[in-house]
Amino acid sequence: MKVTLEQTEKLLKGDQKFEQFAFSMLLTFLRERYAKDPSQVTVESSAGEINAFLGKNQAVMAEDYAIIESL
């Protein structure tokens, strides 16, 4: 699964709760960066980081995929 830029922006603006602690920590970091610089470049780089994380941790992210897909 790859998140779209639209889904990334919703993740950065939202307060969704995720099962995987590492993913939650990544989102906390990305949300802070987005709060300081809400540009399209930040959204695009965040999407890349999220997609890289999801690709590496696909096996343990099943429950969280459902939340992301609903965005």
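For the structure, see preceding data.
First things first, this report covers the structure right here in the doc. Keep in mind the model is a prediction, meaning the values are calculated, not measured.

Details of helix α1 (residues 5–13)
1) Next: Inspection of α1 places Q7, T8, L11 and L12 among the buried residues, and these make up the whole buried set. On an axial view of α1, the arc spanned by its buried residues comes to 135°, and they lie on one face. When the buried face of α1 is taken as reference, the exposed residues oriented beyond 90 degrees from it are E6 and K13.
2) Next: Elements that come into contact with the buried residues of α1 comprise α2 (21–36), α3 (40–56) and α4 (62–69).

With respect to the pattern of salt bridges
1) Next: Counted by the stated rule, this structure contains three salt bridges.
2) Next: Across the salt bridge formed by E9 and K13, the nearest N and O atoms sit 3.5 Å from each other. Of the two residues, E9 and K13 both sit in helix α1, four residues apart, roughly one turn of that helix.
3) Next: Under the relative-accessibility criterion, E9 is labelled partly exposed at 26%.

Parameters at a glance
Residues numbered from 1 in each chain as written. Predicted model: local features only at pLDDT ≥ 70, side-chain atom pairs only at ≥ 80, totals over all residues. Heavy atoms only, no water. Buried < 20%, exposed > 50% of the residue type's maximum accessible area, 1.4 Å probe, protein only. Helix = DSSP H or I, 4+ residues; strand = E, 2+ residues; numbered from the N terminus. Arc of directions from axis to C-beta. Contact = heavy atoms within 4.5 Å. Salt bridge = Lys/Arg side-chain N within 4 Å of Asp/Glu carboxyl O.

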